[in-house]
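What the coordinates show
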Amino acid sequence: MKQALLFLKDKKTYFDYAILTFLTEENDFLKAKPGNFFMLQANTLLKKPISVMECNKKDKMLKFLVKKVGKGTEFLYNLKPGEIIDAVGPSGNTFPIDKNSEYILVGGGSGIPPLYFLSKQLNKEKFVVVYGGKSKKDIVPIFGKSSPTIITTESGDIGTKGTVIDGIKKAIEKKRFKNPVILSCGPEGMVKAIKKYFPQFKHYTSLEKYMACGFGVCLGCVVETVDGYKRVCVDGPVFDIEYLKDFL
Ligand SMILES: Cc1cc2nc3c(=O)[nH]c(=O)nc-3n(C[C@H](O)[C@H](O)[C@H](O)COP(=O)(O)OP(=O)(O)OC[C@H]3O[C@@H](n4cnc5c(N)ncnc54)[C@H](O)[C@@H]3O)c2cc1C
Ligand code: FES
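All values derive from a computational prediction rather than experimental measurement.

Rules and cut-offs
Residues numbered from 1 in each chain as written. Chains lettered and ligands numbered in written order. Predicted model: local features only at pLDDT ≥ 70, side-chain atom pairs only at ≥ 80, totals over all residues. Helix = DSSP H or I, 4+ residues; strand = E, 2+ residues; numbered from the N terminus. Rg over C-alpha atoms; globule rule 2.2 N^0.38 Å. Buried ≥ 20, exposed ≤ 12 C-beta atoms within 10 Å, placed from the backbone. Contact = placed C-beta atoms within 7 Å. Near = placed C-beta within 6 Å. Nonpolar A, V, L, I, M, F, W, Y, C, P; charged D, E, K, R; others polar. Pairing = 2+ DSSP bridges. Axes fitted to C-alpha atoms, helices over the stretch in contact; angles between N-to-C directions. Parallel < 35°, antiparallel > 145°, perpendicular 65-115°, else oblique. Left-handed = near helix turned anticlockwise from the far one by under 90°. Core = buried A, V, L, I, M, F, W, Y, C linked by C-beta atoms within 7 Å. Expected span 1.5 Å × (residues − 1). Arc of directions from axis to C-beta.

The secondary structure content of the chain amounts to 5 helices and 16 strands. Against the globule reference of 18 Å for 248 residues, the chain gives a C-alpha radius of gyration of 17 Å, in line with a compact fold. Each principal axis of the C-alpha atoms in the chain carries an extent, and together these give about 45 × 40 × 35 Å. Across the 248 residues that make up the chain, the buried fraction comes to 44%. When contacts within the chain are restricted to residue pairs at least 6 apart in sequence, long-range pairs at least 24 apart make up 57% of them.

Structure representation (structure tokens):
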């Protein structure tokens, strides 16, 4: 984990979401893996945890997808190309991947970035993405046509009308997966519903717990596990759902 600067090269917005493409000279930043996050400078006392969406060593590029929900994320949303921010990372663990397994990557709203990053590293025959939101305003068009993706919206204005639960059922039918591993990131209610409807599948989730320090000292991000209390910022953010007391 390092502290260094990020130079905003490009920004694209989509309703409340912004895709921020930064350049960095810090080589350790470019070692980021899917699931890792950075604490990004905002106009708030504390930096904000944001997952890496893309990392390209050759171009010295790091990409993030930010949803404005409050003061800090609004600052990031409003950044202009040419501006520089301070960042700390990469932090946290990553998704456990086994080449022989099949995966359903389930992202809700601003939970999609780590799964997008991971999808770029998996064999297309071995995974499908289920991307859910309330309406098309939550579905940022980041996945190309060649990526196996099922979109669900509660409004039905884009993709299948319903929730990610409907999307997962469709994914299982379409891909004929028999024993997929679910990798999720999104609101707690969504993750709990996945666990309720698909308890038979192995499931790892990336928790978006509120964070203060981001490096293990404030204990502001603890979760209760079958193995005692753990800090999401250093022991996670990715956990086996069977390990988390809140989800049992
Ligand atoms: C490991 C990790 C990775 C994340 N990755 C991303 C990402 O890639 N893109 C992205 O847009 N966001 C991501 N988040 C969430 C993001 O960090 C928060 O939305 C952000 O900190 C909110 O700060 P704010 O100052 O804008 O809003 P605040 O003023 O702090 O909060 C605004 C509102 O959001 C609620 N809120 C804030 N944080 C959370 C939270 N973590 N969970 C539930 N409700 C919350 C508050 O209660 C309040 O109602 C991630 C969080 C974690 C822990
Ligand atoms: S955010 Fe401080 S210990 Fe995790």
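Once the structure has been displayed, the description carries forward.
Near ligand 1 you find 22 residues, and of these S51, G70, G72, T73 and S110 are the closest. Only β4 (48-51), β6 (61-67) and α1 (71-77) provide two or more residues apiece to the shell around ligand 1. Looking at side-chain class alone, the shell around ligand 1 contains 11 nonpolar, 6 polar and 5 charged residues.

Strand order in the open sheet formed by 7 strands is β11-β10-β9-β8-β12-β13-β16, with mixed pairing between adjacent strands. Edge positions in the open sheet fall to β11 (160-161) and β16 (238-240), since each of these has one partner strand only. Note: strand β10 (residues 149-153) against β11, 2 bridges, orientation parallel. Among the inter-strand pairings, T153 is bridged to a residue of β11, identified as K161. Across the sheet, helix α2 (residues 112-119) is in contact with β8 (103-108), β9 (127-133), β12 (181-185) and β13 (203-206); its angle to β8 comes to roughly 150°.

Right, let's get into the pairing of β6. β6 sits mainly inside the fold: 5 of its 7 residues count as buried. Relative to β6, strand β5 (residues 54-56) runs antiparallel, the two being bridged by 3 bridges. In the strand pairing of β6, C55 is matched with L62. Adjacent in sequence and paired antiparallel, β5 and β6 are bridged by 4 residues, among which K60 carries a positive phi angle near 55°.

Okay, the packing of helix α3 (residues 164-175) against helix α4 (residues 188-197) next. Look at α3 against α4: their axes get within 10 Å of each other, and the N-to-C directions meet at 45°. Considered as vectors, α3 and α4 are oriented oblique to each other. Crossing hand, α3 versus α4: right-handed. Counted together, V164, I165 and I168 of α3 and M190, A193, I194 and Y197 of α4 form the full contact between these two elements.

In this section: the nonpolar core. Counting 63 residues, the largest nonpolar core has V52, I104, L105 and V130 as its most contacted members. V130 has contacts with I104, V106, I150, T152, V164, G167, I168 and A171, leaving out every residue within four places of it along the chain.

We now examine α3. An ideal rise of 1.5 Å per residue puts 16 Å on 12 residues; α3 measures up with 16 Å between its terminal C-alpha atoms. For α3, every residue scored as buried is listed here: V164, G167, I168 and A171. The arc enclosing the buried residues of α3, seen along the axis, measures out at 100°, which places them on a common side. Those residues of α3 that are buried are in contact with β8, β9, β10, β11 and α4.

Further remarks concern the environment of D166. The topology assignment puts D166 in helix α3. It is 9.3 Å that separates the C-alpha atoms of D166 and V130, two residues lying 36 residues apart in sequence. Excluding anything up to four places from it in sequence, D166 contacts T152 and T160.

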